[in-house]
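This is what each chain is made of:
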Amino acid sequence: LKSRPSHLVHLDLSGNYLKDPGMELLTGGLKSHNCKLEFLNLSSCRLSETSCDSLVSALMSNPSHLRELDLSDNKLHDSGVELLCVFLESPDCRLEALRLRICRLSSYSCSFLVSALKSNPSYLKELDLSGNNKLKDDGVHYLCDFLGSPDCRLEILNLWKCRLTRSSCHPLVLALKSNPSHLRELDMRENYLKGYDVTALIDLQKNPDYRLETFRWESPMRK
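Residues numbered from 1 in each chain as written. Predicted model: local features only at pLDDT ≥ 70, side-chain atom pairs only at ≥ 80, totals over all residues. Heavy atoms only, no water.

Here we take up the packing of helix H1 (residues 19-30) against helix H2 (residues 49-61). Between H1 and H2, the least distance of the axes is 9 Å, while the angle of their chain directions is 0°. In this view, H1 runs roughly parallel relative to H2, as classed from their interaxial angle. Each of Lys19, Asp20, Met23, Glu24, Thr27 and Leu30 in H1 lies in contact with H2, whose residues at this interface are Thr50, Ser51, Ser54, Leu55 and Ala58. Here the contact of H1 with H2 is composed, by residue class, of four nonpolar, four polar and three charged. (Axes fitted to C-alpha atoms, helices over the stretch in contact; angles between N-to-C directions. Helix = DSSP H or I, 4+ residues; strand = E, 2+ residues; numbered from the N terminus. Parallel < 35°, antiparallel > 145°, perpendicular 65-115°, else oblique. Contact = heavy atoms within 4.5 Å. Nonpolar A, V, L, I, M, F, W, Y, C, P; charged D, E, K, R; others polar.)

Mapped onto the elements of the fold, serine 54 is located in helix H2. Reaching out from serine 54, the side chain makes a polar contact with the side chain of glutamate 24 at a distance of 2.8 Å. Setting aside residues up to four positions removed in sequence, serine 54 forms contacts with Met23, Glu24 and Thr27. (Polar contact = N/O pair within 3.5 Å; in protein donor to acceptor, adjacent residues only side chain to side chain.)

The subject of this paragraph is the pattern of salt bridges. Across all of its chains, the model carries ten salt bridges by this definition. Here aspartate 128 ties to arginine 101 by a salt bridge, and the two come within 3.1 Å at their closest N and O atoms. A residue pair is termed long-range when its members are at least 10 positions apart, and aspartate 128 in strand E5 (residues 126-128) and arginine 101 in the loop between strand E4 (97-99) and helix H4 (107-119) qualify at 27 residues. For aspartate 128, a relative accessible area of 4% translates into the label buried. Given the relative accessible area of 25%, arginine 101 is considered partly exposed. A salt bridge links aspartate 145 to lysine 118, with the nearest nitrogen and oxygen atoms 3.1 Å apart. Here the residue aspartate 145 occupies a position in helix H5 (residues 136-147), and lysine 118 occupies one in helix H4, the gap between them amounting to 27 residues. Overall, the relative accessible area of 44% leaves aspartate 145 in the partly exposed class. Through salt bridges with shared partners, one network takes in Glu68, Arg99 and Glu126. (Salt bridge = Lys/Arg side-chain N within 4 Å of Asp/Glu carboxyl O. Buried < 20%, exposed > 50% of the residue type's maximum accessible area, 1.4 Å probe, protein only.)

Strands belonging to one sheet form pairs held by backbone hydrogen bonds; the direction of such a pair is parallel or antiparallel. Here eight strands make up an open sheet; going across it, the order is E1-E2-E3-E4-E5-E6-E7-E8 and the pairing parallel. Where the open sheet ends on each side, the last strands, each with one partner, are strand E1 (10-12) and strand E8 (214-216). Averaged over all neighbouring strand pairs, the angle between strand axes comes to 0°, with direction disregarded. As defined by bridge partners, strand E2 (residues 39-41) adjoins strand E3 (residues 68-70) across three bridges and the pair is classed as parallel. When the sheet's bridge partners are listed, phenylalanine 39 is paired in E3 with glutamate 68. (Pairing = 2+ DSSP bridges.)

Have a look at this one:
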């Protein structure tokens, strides 16, 4: 990553025991101005919120190349996402995909994300918050504030297994009607939803005036 020139653009270290000390070592390369990395996968690496601090420090030094970041299945918690948002709200951030599956996040993470994305909304196209069962309806209500914004360019939103109920559906419908031209894939599987809860979302999917092509909601969880 430090070499001149550096040709590496795709780095996948997922499923390893890197932990926070490994992340600290890796940031030495990420902060190099020779680094041209565009895709970084650190899912299931036993990282904590401490790694978010190290990662953000590196990315803020060299922010303009990274397009996809996967930190799924790490114990980041809300405090880690709050740190990550320092990078997301930077005007030099060009991130197009952010994956935070199973990171022990609550609705507070959504509030941090929305605040950051509304500051710098132009690039993110994919957001994956699946498997965070403390997100709940309050988290979706925060997200809808961003989804309804005319500056939002999000195309893919994954919210499976977040303990959502019908209370999430109406705000989503209103947000997508406010900003109909972008979201094309919405995944809400394995939540507490029934057919009559999602009727309006299914109608949006069928309506040619909206870009929503794929809407998944089946396989409801048992309480």
